[in-house]
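# Summary of structural features
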Amino acid sequence: NNKLLCTCENLNFLEWMFVNRAHFKNIDLYTCSNAQKDYMNINFKQFSKSISQLKEKCKSYTLYYIIISVTGTCFLSVIFGVALYRNRWKIRYMRYTLFQRARDSHLLSSSSDDLFLYDAFVSYTSKDRDFVIKDMIQKLEQDNGVQLLIRDRSFIPGEFKCQQIVRSIQESRKTICVVSKRYLKSAWRDYELNMARVEGVEVRKSMRYVILILLPEVCNGGYPKKISDFLKRDCFIEYPDDPAGYEEFWQRLCSALQENAQD
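None of the values given here were measured: they were computed from a predicted structure. (Residues numbered from 1 in each chain as written. Predicted model: local features only at pLDDT ≥ 70, side-chain atom pairs only at ≥ 80, totals over all residues. Heavy atoms only, no water.)

## Quick word on the overall build of the protein chain
Of regular secondary structure, the protein chain possesses 12 helices and seven strands. A burial count over the protein chain gives 41% of its 263 residues as buried. In the protein chain, the proportion of contacts linking residues at least 24 apart, taken out of those at least 6 apart, comes to 71%. Carbon and sulfur atoms form 52% of the exposed surface of the protein chain, whose accessible area is close to 16,100 Å². (Helix = DSSP H or I, 4+ residues; strand = E, 2+ residues; numbered from the N terminus. Buried < 20%, exposed > 50% of the residue type's maximum accessible area, 1.4 Å probe, protein only. Contact = heavy atoms within 4.5 Å. Areas by Shrake-Rupley, 256 points an atom, 1.4 Å probe, with all protein chains shown as cover.)

This is the structure in structure tokens:
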């Protein structure tokens, strides 16, 4: 008349009893002890059914919970990672803007032309510096009175370059990018281009805030994907490879600098 422990921990023994039930006298009269929390009242008259019920009760779903948790975490991590990657330039822009607002009380808070310190910020590579210094300064500043922000002339030594880029973009009514093959391979020029893109989309509400000057080497080699959104909105001017077209080019650029940025 000993009572048995009918628990999950004792399941293997109960299954062994069922297999060898012929060796137990009066097994139909056996009863279970209810001292354990996971006790189940086994009906030894219906031993097979009771064993099946106990197996179901004792199933562990820990592995399923782990798999679901890991899968869900990986899925959310991928979504979060993709969102971060797609908005990486916007996040960087917001980071530096917040830093500047906390430090500089004069930071621009609207896109009114009266608040801009420069007509245009010029983005270029060091190997295209001669084009900026010899041609752009002559044609835009000296001949047409356009105030350009040129990093080799205006950036403050010792200040973080990324912060100066963002501030220069914000303080300029437009951004001019001198796009060459070297420009498209430069990490810093990629930074300037994307900061200008974010400024245009998030603050100016227009991509036409940016003007791309496409040098002949870029025009002849096919347009890369990274500037495709500017090309779709006609935010570019091709620099001619024939000197006969130079005058018309500078006139078009001056007109683009004077027009309102509207998509």
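## What to know about the state of the cysteines
Two cysteines, two sulfur atoms, one covalent bond between them: this is a disulfide. Counted under the stated rule, the structure contains two disulfides. Disulfide partner of C6: C32, at an S-S distance of 1.7 Å. Its S-S torsion of approximately -70 degrees makes the covalent link between C6 and C32 left-handed. One end of the pair, C6, is in the loop between β1 (4-5) and α1 (11-19); the other, C32, is in strand β2 (residues 32-33), with 26 residues separating them in the sequence. An identical accessibility class is assigned to C6 and C32; each is buried. Across a sulfur-sulfur distance of 2.0 Å, C8 and C58 are joined as a disulfide pair. Note on the C8 and C58 pair: the S-S dihedral is about -90 degrees, so by sign convention the disulfide is left-handed. (Disulfide = S-S within 2.5 Å.)

## Quick word on the environment of S33
Residue position: S33 is located in strand β2. Here the alpha-carbon distance between S33 and L5, two residues 28 residues apart in the chain, equals 5.4 Å.

## With respect to helix α12 (residues 246-258)
In this model α12 runs 19 Å from its N-terminal to its C-terminal C-alpha over 13 residues, within 8% of the 18 Å that 1.5 Å per residue would give. Restricting attention to buried positions, one finds in α12 the residues F249, W250, L253, C254, A256 and L257. Buried residues in α12, looked at end-on, bunch into an arc of 160 degrees, giving them a common side. Facing away from the buried surface of α12 by more than 90 degrees, the exposed residues are E248 and Q258. (Expected span 1.5 Å × (residues − 1). Arc of directions from axis to C-beta.)

## A word on the nonpolar core
Grouped together as the largest cluster of nonpolar side chains are 30 residues, with contacts concentrated most on V179, Y191, L212, I227 and F230. The set of elements that each furnish at least two residues to this core consists of α4 (88-103), α7 (161-170), β5 (172-179), α8 (181-185), α9 (187-204), β6 (210-214) and α11 (228-232). Looking at this core, the element that brings in the most residues is α9, giving five residues. For Y191, the contacting residues outside a window of four places in its chain are W89, R92, Y96, C162, I165 and V166. (Core = buried A, V, L, I, M, F, W, Y, C linked by side-chain atoms within 4.5 Å.)

## Topic: a nonpolar patch on the surface
A surface patch of nonpolar side chains, about 490 Å² in accessible area, is lined by Y61, Y64, Y65 and I68. By the element assignment, Y64 lies in helix α3 (residues 62-86). (Patch = residues over 30% accessible without salt bridge, like charges linked within 9 Å, V, L, I, M, F, W, Y side chains within 5 Å. Salt bridge = Lys/Arg side-chain N within 4 Å of Asp/Glu carboxyl O.)

## What to know about α1
When we look at burial in α1, the residues that qualify are L11, L14 and M17. Axial view of α1: buried residues confined to an arc of 120 degrees, hence all on one face. What points out from α1, more than 90 degrees from its buried face, is the exposed set N12 and V19.

## Section: the sheet that holds strand β7 (residues 236-238)
Within a sheet, each strand pairs with its neighbour through backbone hydrogen bonds, oriented either parallel or antiparallel. Taken in spatial order, the five strands line up as β4-β3-β5-β6-β7 in an open sheet, and their pairing is parallel. The open sheet has two edge strands, β4 (148-150) and β7, and neither has a second partner. Each strand of the sheet is rotated relative to its neighbour by a mean of 25 degrees, with strand direction disregarded. As judged from the three bridges shared by β6 and β7, these two strands associate in the parallel manner. (Pairing = 2+ DSSP bridges. Axes fitted to C-alpha atoms, helices over the stretch in contact; angles between N-to-C directions.)

## Re the packing of α1 against helix α2 (residues 47-57)
Orientation of α1 relative to α2, taken along the N-to-C sense of each, is 160 degrees, at an axis distance of 11 Å. The angle between α1 and α2 places the two elements in the roughly antiparallel class. Seen from above, α1 lies across α2 with left-handed handedness. Counted together, L11, L14, E15, M17 and F18 of α1 and F47, S48, I51, L54 and K55 of α2 form the full contact between these two elements. Among the residues making up the contact of α1 with α2, the classes are represented as seven nonpolar, one polar and two charged. (Parallel < 35°, antiparallel > 145°, perpendicular 65-115°, else oblique. Left-handed = near helix turned anticlockwise from the far one by under 90°. Nonpolar A, V, L, I, M, F, W, Y, C, P; charged D, E, K, R; others polar.)

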